[in-house]
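Overview (structure and organization)
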Amino acid sequence: MVQFNPESREITIKVVYYGPALSGKTTNLQALFQKIDPTVRGRLMTLDTKDDRTLFFDMMPVFFKTQSGVKVKLKLYTVPGQVMHESTRRIVLQGTDAVVFVADCRRSETEATLAYWNNMLQNLEANGLDWRTLPIVVQMNKMDLPEARAEADLGDLRALIKPPVVPAVAIRSEGVIETLYALLQLTFRRIDRAVGLHQKWGISEREFLGRVFASVDVSGTKIPHPTEGPAA
Amino acid sequence: MSLPPSVLQAKSPLGDLLDLRAFADVCQSFVELYRVGLKVFDAEGNKLVDVKVGNADFCGYIWTKSAGREQCMATVGRVKNDSLPEEHVQRVFDCFSGCRYIAQPILYEGDSLGRIVFGPFLPEELKALPKELQAISPDFDAKLAEGYAQKIRRASRATAEKIVKHFGDLVEVMVFTGHKALITARLHIEAVQEDYRDLQEKNRQLEDGFARLKELDRLKSNFLATMSHELRTPLTSVIGYSEMMLEGLGGPLTDEQREYLGIIMEKGENLLQLITSILDISKIEAGRVRLILAEADPAQLMRDAVATVLPLARKKGLKVSCEPGELPRIHCDREKLRQCLVNLCQNAVKFTPAGGTISVAASVEPGDRLAIRVQDTGIGIPAEHRERVFDVFYQVDGSSTREYGGAGLGLAIVKSFVEAHAGRVTVADRAGGGTVFTLALPIRPPAGPATTPVAPPVIPPPAAARG
């Protein structure tokens, strides 16, 4: 669960991008790396093998200070997708505050996607995390491919599962920011309910999202531009 | 259940992210290049690196005066401890001696891990040493101090700031690289530990499952032993009273009654035999069978076995031959060996259609072994079943509509008894159709009390062992 340090007025939020092999988890992080202002993010740490497959994880920190002087750190992780890295996935999932489940939306990938979804639920449970209350967003990636499910199908999916579903083409950075936005919105609400971010720490949802996305290039997305809100 | 805390969840101090010895070399080289001292502190204020150059004489002289010492310590304290903003900005600290320090925070992932302190150097614009310096002591020798100060590098603030920024950039890369190496190594270990924990958990489940199966198997054997005993008792009475009636003890019988009683007796005997087999196998499985070894004539045992099945064989229209030839006497449990032969002969009769032949023969084999062969011209055993016909309750045709009856115990008993004699039973195709079972027994079994080994389990053998 979210790490608080009242002494230094710090909040650390861990977000994990989970999903089957080659579904586009690292691509999501790379796209965000390009879109986020370098002054508020760290380097993208990638631990991969020589064939560009993630070995342990990728990690990118994003940090900012709120008006009330609270330091907020977001740590974005990916897990390795290959089946053999099961234990690493479990370790990376430890203490996560929110999950983006990156799914390959092609029909042929349905089975693998479902298997990883169940696998994720098990690994969350193994970490003592309750997937029923954890903020989760499902990203239907690779919507540009010929075999992709139609948007209408996503409606069916939305009716079926609780987590919000966001369509994306991560390789073209489409839907990546929307996914993070949807997730952070859920995450803020969840943490706020649990510990009173607004009440005790003086951070409103508007400010929280505003601060994050003020440093993100949101052009071409449907995300409300940060200047529209009273974030600053 | 929860995993042990991972390195990913922990904050690492600066000292863990850098190889301090190698880092000190970098600092040394940097100092040699710019001729200005360099200190690096972690977030707790611990000094990780301290390289001095040029200021030893100057500062050493000031240090000899008590007021100078005090003020020097105050400057060092400020440089080391005054808070720095968590941003990429530098702070300038001017010493009362006219020297200058520049401090810059080491920022990583939005946190301050420590600070770089660059100095002392003399500001380029400084014309003369400040008056306060002269005031520290009445005997302060300004000329001497000026001479010492010559050894300290002069630099403009802009140049110094550029140098510090450059060094800060280098440190950031070193910290990132160090952090990456640290996480890689630690996560590797964590992943192996987690795999190990996972495997142990699975092993434990398998062991539990195996123990449960063994317990069930034991319960089954117990049940069979008890039930066999309970079934045998009333059955003995059924057979006994039928026999008494046949002998006329209950008064005269009509032919029809005699025939019916004959059937009751025959079927009763069959049932008794089956129950005895079950009892035998449950004893074998419990490892409770002891061999009673004595000298025996194998030829006699073969003839006995053949005689037992002869009536049934004749009825089926089978030819039975027994050619023991000249055989040595053998040290064995006579009753058990007889039963083995009877079981094999009964099987041969059961699976050989009318007009077939059954032959029992023996020979002495190398290694002081006696081989007894029971051959038939029956339906044979498909290769894929051959390994398993000796398993308890195994039937080649296990369906409920099978043609041949039986409980699947005969061969399991044979195998156990033969192995208890340190012998072997094998099965092969007979040339021209049918099956050959061969018992190979040592003529003198090894000394020591022989018991049957625990019977082959009911669970299937591994794939590699199958026919």
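Computed from a predicted model, the values in this text were never measured in an experiment.

**Describing the interface of chain B and chain A**
Taken residue by residue, the interface counts 29 residues in chain B and 29 residues in chain A. Taken together, the two surfaces of chain B and chain A that pack against each other cover about 2,400 Å², and 55% of this comes from carbon and sulfur. Across the contact surface, chain B and chain A share 8 salt bridges. With its nearest N and O atoms 3.7 Å apart, the salt bridge here joins B:Asp198 to A:Arg90. In this structure, the connection of chain B to chain A is made through 14 residue pairs in polar contact (both at pLDDT 80 or more). Top contributing element to the side of chain B that touches chain A by residue count: helix H7 (residues 157-246) of chain B, with 15 residues.

**Section: the packing of helix H1 (residues 25-35) of chain A against helix H5 (residues 176-195) of chain A**
Residues and elements named next belong to chain A. Viewed as axis vectors pointing N to C, H1 and H5 meet at an angle of 95 degrees, and their least axial separation amounts to 9 Å. Considered as vectors, H1 and H5 are oriented roughly perpendicular to each other. On the side of H1, the interface is formed by Asn 28, Ala 31, Leu 32 and Lys 35, while H5 contributes Val 176, Ile 177 and Leu 180. Of the residues that constitute the contact of H1 with H5, the class distribution is 5 nonpolar, 1 polar and 1 charged.

**A closer look at the side chain of B:Ser6**
Position of B:Ser6 among the secondary structure elements: in the segment before helix H1 (14-17). On the basis of relative accessible area, B:Ser6 is assigned to the buried category, the value being 3%. Setting aside residues no more than four positions away along its own chain, B:Ser6 makes contact with A:Ile91, A:Gln94, B:Leu187 and B:Glu190.

**Things to note about the confidence of the model for chain B**
All names here are of chain B. Of all residues in chain B, 93% have pLDDT values of 70 or greater, and the mean over the chain is 87. A low-confidence stretch, residues 454-467 stays under pLDDT 50, and its non-local contacts, those more than four residues away or across chains, total 24 contacts. Quick note on the complex model: pTM equals 0.71, ipTM equals 0.87.

**Some remarks on unusual backbone geometry**
Residues and elements named next belong to chain B. A cis amide bond links Gly 119 to the next residue, Pro 120, at an omega of 0 degrees. Take Pro 120: it is sitting in strand E5 (residues 111-123). Its identity as a non-glycine residue notwithstanding, Arg 35 has a phi of 55 degrees, on the positive side. Relative to the elements of secondary structure, Arg 35 occurs in the loop between helix H2 (20-34) and strand E1 (38-42). Residue class for Arg 35 comes out partly exposed when judged on its relative accessible area of 48%.

**Some words on the packing of helix H10 (residues 334-351) of chain B against helix H11 (residues 410-420) of chain B**
All names here are of chain B. Relative to each other, H10 and H11 sit at 145 degrees, their axes nearing to 9 Å. In terms of crossing hand, the pair formed by H10 and H11 is left-handed. The residues of H11 that touch H10, namely those facing Lys 336, Gln 339, Cys 340, Asn 343, Leu 344 and Asn 347, are Gly 410, Leu 411, Ile 413, Val 414, Phe 417 and Val 418. Here the residues of the contact of H10 with H11 are counted per class, giving 7 nonpolar, 4 polar and 1 charged.

**Section: H10(B)**
Taking 1.5 Å per residue as the helical rise, H10(B) with its 18 residues ought to reach 26 Å, and the 26 Å between its terminal C-alpha atoms agrees with that figure. Those residues of H10(B) that fall on the buried side of the exposure criterion are B:Lys336, B:Leu337, B:Gln339, B:Cys340, B:Leu341, B:Val342, B:Asn343, B:Leu344, B:Cys345, B:Asn347, B:Ala348 and B:Val349.

**A short note on the nonpolar core**
By size, the foremost hydrophobic cluster in this structure holds 67 residues, and its most contacted members are A:Phe57, A:Met120, B:Phe118 and B:Phe167. Here the element with the most residues in this core is H7(B); it accounts for 11 residues. By size, the runner-up hydrophobic cluster in this structure holds 48 residues, among which are B:Leu341, B:Val418, B:Leu439 and B:Ile443.

**Some points on the environment of B:Ala142**
The topology assignment puts B:Ala142 in helix H6 (residues 142-149). Along the backbone, B:Ala142 and B:Arg153 are 11 residues apart, and their C-alpha atoms lie at a distance of 18 Å.

**Regarding a nonpolar patch on the surface**
Taken together, the side chains of B:Leu213, B:Leu216 and B:Leu219 present a nonpolar region at the surface, about 280 Å² in accessible area. Residue placement: B:Leu213 occurs in helix H7.

**Digging into the packing of aromatic side chains**
Within this structure, the stated rule accounts for 12 aromatic pairs over all chains. Seen from their ring centres, B:Tyr61 and B:Phe140 are 5.4 Å apart, and the 40 degrees between their planes marks the pair as tilted. Of this pair, B:Tyr61 sits in helix H3 (residues 56-63) while B:Phe140 sits in the loop between helix H5 (131-134) and H6, and the two are 79 residues apart along the sequence. Neither residue differs from the other here; B:Tyr61 and B:Phe140 are each classed as buried. With a centroid separation of 6.2 Å and 90 degrees between ring planes, the pair formed by B:Phe390 and B:Phe437 is classed as edge-to-face. Here the residue B:Phe390 occupies a position in the loop between strand E11 (369-376) and H11, and B:Phe437 occupies one in strand E13 (residues 435-442), the gap between them amounting to 47 residues. Members of the aromatic cluster, connected to one another through ring pairs, are B:Phe23, B:Phe30, B:Tyr34 and B:Phe167. Across from the ring centre of A:Phe33, 3.6 Å away, lies the NZ or CZ of A:Arg41, which sits over that ring.

What counts as what
- Residues numbered from 1 in each chain as written.
- Chains lettered and ligands numbered in written order.
- Predicted model: local features only at pLDDT ≥ 70, side-chain atom pairs only at ≥ 80, totals over all residues.
- Heavy atoms only, no water.
- Contact = heavy atoms within 4.5 Å.
- Buried area = accessible area lost by both parts, 1.4 Å probe.
- Salt bridge = Lys/Arg side-chain N within 4 Å of Asp/Glu carboxyl O.
- Polar contact = N/O pair within 3.5 Å; in protein donor to acceptor, adjacent residues only side chain to side chain.
- Helix = DSSP H or I, 4+ residues; strand = E, 2+ residues; numbered from the N terminus.
- Axes fitted to C-alpha atoms, helices over the stretch in contact; angles between N-to-C directions.
- Parallel < 35°, antiparallel > 145°, perpendicular 65-115°, else oblique.
- Nonpolar A, V, L, I, M, F, W, Y, C, P; charged D, E, K, R; others polar.
- Buried < 20%, exposed > 50% of the residue type's maximum accessible area, 1.4 Å probe, protein only.
- pLDDT = per-residue confidence, 0-100.
- Left-handed = near helix turned anticlockwise from the far one by under 90°.
- Expected span 1.5 Å × (residues − 1).
- Core = buried A, V, L, I, M, F, W, Y, C linked by side-chain atoms within 4.5 Å.
- Patch = residues over 30% accessible without salt bridge, like charges linked within 9 Å, V, L, I, M, F, W, Y side chains within 5 Å.
- Areas by Shrake-Rupley, 256 points an atom, 1.4 Å probe, with all protein chains shown as cover.
- Phe/Tyr/Trp six-rings, centres within 6.5 Å; stacked < 30°, edge-to-face > 60°.
- Lys NZ or Arg CZ within 6 Å of the ring centre and 35° of its normal.

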